[in-house]
Amino acid sequence: DTEVTQTPKHLVMGMTNKKSLKCEQHMGHRAMYWYKQKAKKPPELMFVYSYEKLSINESVPSRFSPECPNSSLLNLHLHALQPEDSALYLCASKSTGTSGYNEQFFGPGTRLTVL
Amino acid sequence: KQEVTQIPAALSVPEGENLVLNCSFTDSAIYNLQWFRQDPGKGLTSLLLIQSSQREQTSGRLNASLDKSSGRSTLYIAASQPGDSATYLCAKGGYQKVTFGTGTKLQVIP
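Procedures and definitions
Residues numbered from 1 in each chain as written. Chains lettered and ligands numbered in written order. Predicted model: local features only at pLDDT ≥ 70, side-chain atom pairs only at ≥ 80, totals over all residues. Heavy atoms only, no water. 1 Å grid on protein atoms, 1.4 Å probe; cavity = no way out; pocket = protein on both sides within 12 Å on 5 of 7 lines; lining within 4 Å. Points joined across faces, edges and corners; volume = space filled by probe spheres on them. Helix = DSSP H or I, 4+ residues; strand = E, 2+ residues; numbered from the N terminus. Nonpolar A, V, L, I, M, F, W, Y, C, P; charged D, E, K, R; others polar. Pairing = 2+ DSSP bridges. Axes fitted to C-alpha atoms, helices over the stretch in contact; angles between N-to-C directions. Contact = heavy atoms within 4.5 Å. Buried area = accessible area lost by both parts, 1.4 Å probe. Salt bridge = Lys/Arg side-chain N within 4 Å of Asp/Glu carboxyl O. Polar contact = N/O pair within 3.5 Å; in protein donor to acceptor, adjacent residues only side chain to side chain. Buried < 20%, exposed > 50% of the residue type's maximum accessible area, 1.4 Å probe, protein only. Disulfide = S-S within 2.5 Å.

Quick notes on empty space enclosed by the protein
All names here are of chain A. What the rule picks out here adds up to one cavity of 30 Å³ or more. There is about 40 Å³ of room inside the largest cavity. Along its surface, the largest cavity is lined by His 29, Arg 30, Ala 31, Met 32, Tyr 49, Glu 52, Cys 68, Asn 70 and Ser 71. Where the lining of the largest cavity is concerned, the elements lending two or more residues are strand E4 (31-37) and strand E7 (64-70). The class makeup of the residues in the lining of the largest cavity is four nonpolar, three polar and two charged.

The structure is reproduced here in C-alpha cells:
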C-alpha cells in the first residue's frame, strides 16, 4: 500500500472557526510533511515530523498548529485563519525518517477556502 | 538560497511528439532528484526518483537523467499522449528538505 490519504478533500471555513486537516499513511514511513500550495505555484514546505517529533517549522504562523499523535497520523489544526491562507494543503511521507535518499509520497490534498 | 528552476514554464506539443523537460538547481549538495506529475487541483504523483549516485532512471515512456556537476536534470517523454497533459515538477532532495522546481505545464494536443 503506497497510499497517503487526506481528509477532508474540501474545507470551507470562516476566519473565526477552528478546524483540522488529517493525513494518514500505513507504509511505515517515519517522516511526514505538510506543504501549502497556492495556484500555479510549487508546494511550499510548512512542517516536517521525524519519528513523531517536529523537526522543521518553516516559520509558519501560529494559527497553523501541527500534531503527530502516532507514526501513521498527522494533523494540522487551523484557527483564526486569513483569506490568504486559502490553498491546497498537501501531506507527504517518506520512509526511514528524513533521510534524503528516499522517495516522497503525496496525498491528494485538502482544498481549503477561508471566507 | 537553494533554487530549482524549470524551463520551459509551459509547453504545447502535438500528440506523438518526443519532448524534454528541464530542471536546474544551484546547490550541488543533492541526495536525489524526484520528478512528479500534478493534475489540476490534485496531489502529486511520483514518476521517477534518481539517487545522487545514479545517472538516469527509466519507467515506460519516461526517462530522467541527472548531472550533478552541471546542476541539471531532464525528463524525457517519448511518444507523448493527451493523457500526459499535466504540470510536471522536479524536486531536489536535501538532507531533510525537498525543494521544488517552478514547474512545467504540458499540454499534448490530439
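Overview of the sheet that holds strand E6 (residues 56-59) of chain B
Within a sheet, adjacent strands bond to each other through the backbone by hydrogen bonds, running parallel or antiparallel. Residue and element names in this part refer to chain B. In space, the five strands of this open sheet follow the order E1-E3-E8-E7-E6, with antiparallel pairing throughout. Only two strands of the sheet have a single partner each, and these edge strands are strand E1 (4-7) and E6. Strand after strand, the sheet turns through a mean of 15° between neighbouring axes, direction not considered. In terms of strand pairing, E6 meets strand E7 (residues 62-67) through four bridges, oriented antiparallel.

So, the interface of chain B and chain A
Every contact between the two is made by 22 residues of chain B and, on the other side, 23 residues of chain A. Together, the buried faces of chain B and chain A total about 1800 Å²; carbon and sulfur atoms form 53% of this surface. At the junction of chain B with chain A, the criterion picks out one salt bridge. The salt bridge involving Lys 97 of chain B is made with Glu 58 of chain A; its shortest N-O contact spans 2.9 Å. At the junction of chain B and chain A, the tally comes to five residue pairs in polar contact (both at pLDDT 80 or more). Broken down by secondary-structure element, the contributors of at least two residues to the side of chain B that touches chain A are strand E4 (32-38), strand E5 (44-51) and strand E10 (98-100) of chain B. Broken down by class, the residue content of the side of chain B that touches chain A amounts to eight nonpolar, twelve polar and two charged.

Here we look at the pairing of strand E9 (residues 87-94) of chain A
All names here are of chain A. Along E9, eight of the eight residues are buried, which leaves the element largely enclosed by surrounding structure. Relative to E9, E4 runs antiparallel, the two sharing seven bridges. The residue of E9 that forms the bridge with Lys 36 is Tyr 89. Here three bridges tie E9 to strand E11 (residues 110-114), and the two strands are oriented antiparallel to one another. When the bridges of E11 are listed, Ala 87 appears paired with Leu 112. Across three bridges, the pairing between E9 and strand E10 (residues 104-106) is antiparallel. Within E10, the position partnered with Ala 92 by the bridge is Phe 106.

Details of the environment of Trp 35 of chain B
Relative to the elements of secondary structure, Trp 35 of chain B occurs in strand E4. In terms of polar contacts, Trp 35 of chain B uses its side chain to reach the side chain of Ser 73 of chain B, at 3.0 Å.

Some points on the sheet that holds strand E3 (residues 18-25) of chain A
All names here are of chain A. Pairing within the open sheet is antiparallel, and its four strands lie in the order E1-E3-E8-E7. In this open sheet, the two edge strands, each paired with only one partner strand, are strand E1 (4-7) and E7. The average angle at which neighbouring strand axes cross in this sheet is 20°, direction not considered. Of the strand pairs in this sheet, E7 and strand E8 (residues 73-79) are connected by five bridges, and their pairing is antiparallel. Looking at E8, one finds that Asn 70 is bridged to Leu 73.

Structural notes on the layout of surface pockets
Here the second largest pocket defines a volume of roughly 510 Å³. Lining the second largest pocket are 23 residues; nearest its centre among them are Ala 39, Lys 40 and Lys 41 of chain A together with Gln 38 and Thr 87 of chain B. Mapped onto the lining of the second largest pocket, the elements with two or more residues apiece are strand E9 (86-93) and strand E11 (104-109) of chain B. Here the lining of the second largest pocket is built from residues that sort into eight nonpolar, nine polar and six charged.

Section: the state of the cysteines
All names here are of chain A. Taken as a whole and assessed by the stated rule, the structure comprises two disulfides over all chains. Each disulfide pairs two cysteine sulfurs, and for Cys 23 the partner residue is Cys 91, the sulfurs being separated by 1.8 Å. Judged by the sign of its S-S torsion, about -70°, the bond between Cys 23 and Cys 91 is left-handed. Of this pair, Cys 23 sits in strand E3 while Cys 91 sits in strand E9, and the two are 68 residues apart along the sequence. Of the two residues, Cys 23 and Cys 91, neither departs from the other in class, the shared state being buried.

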